[in-house]
Amino acid sequence: MRNLIYQYYDGDIKEAHRYSSRLMKEYADKCGADYLFEENPRWIKGLGKYSPHYGVFKLIFDDKFSDYDNVLYLDVDIFPVDGTEEN
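Residues numbered from 1 in each chain as written. Predicted model: local features only at pLDDT ≥ 70, side-chain atom pairs only at ≥ 80, totals over all residues. Heavy atoms only, no water.

1. Points about the environment of Gly 11
One can find Gly 11 in the loop between strand E1 (3–9) and helix H1 (15–31). Sequence spacing of Gly 11 and Arg 42 is 31 residues, and the spatial spacing of their C-alpha atoms is 9.7 Å. Setting aside residues no more than four positions away along its own chain, Gly 11 makes contact with Asn 40 and Arg 42. (Helix = DSSP H or I, 4+ residues; strand = E, 2+ residues; numbered from the N terminus. Contact = heavy atoms within 4.5 Å.)

Written as structure tokens, this is what we have:
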């Protein structure tokens, strides 16, 4: 079973975003999941005014995510609990 933890951020990346990404990567490694963080992916065009919230729909429309059985999307203001050992 293939699992992925996915985070992205559109905008000015702050140190807290990078910290969340680093901790989630460590958590994914502990759980045996793949991890992907995308900085300013802006993958969709032509929908009128751009919204950074459109990025979450990439999980549905980008075929690369169909290789996974489970995909967990987390905002970059989410942090794993320190010392977490179980998934």
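Now that the structure has been shown, the text picks up again.
2. Describing the pairing of E1
Burial within E1 is extensive, with five of its seven residues counted as buried. One ladder, built from six bridges, connects E1 with strand E2 (residues 34–39); its direction is parallel. If you follow Tyr 9 over to E2, its bridge partner there is Glu 39. For the crossover from E1 across H1 to E2, the handedness is right-handed. (Buried < 20%, exposed > 50% of the residue type's maximum accessible area, 1.4 Å probe, protein only. Pairing = 2+ DSSP bridges. Right-handed = clockwise from strand over helix to strand, strands pointing away.)

3. Overview of the nonpolar core
Counting seven residues, the largest nonpolar core consists of Ile 5, Met 24, Tyr 27, Ala 28, Ala 33, Tyr 35 and Leu 74. The element contributing the most residues to this core is H1, with three residues. Leaving out residues up to four positions away in the same chain, Leu 74 has contacts with Ile 5, Tyr 6, Gln 7 and Met 24. If you look at the next biggest cluster of nonpolar residues, it comprises five residues, including Leu 4, Tyr 8, Phe 65 and Tyr 68. (Core = buried A, V, L, I, M, F, W, Y, C linked by side-chain atoms within 4.5 Å.)

4. Re the pattern of salt bridges
Tallying each qualifying case throughout the model produces six salt bridges. Between Lys 25 and Asp 29 there is a salt bridge whose closest N-O contact spans 2.8 Å. In this pair, Lys 25 and Asp 29 are both assigned in helix H1, four residues apart and thus about one turn of the helix distant. The exposure class of Lys 25 is partly exposed, given its relative accessible area of 37%. Linked by salt bridges that have partners in common, Glu 38, Lys 58 and Lys 64 make up one network. (Salt bridge = Lys/Arg side-chain N within 4 Å of Asp/Glu carboxyl O.)

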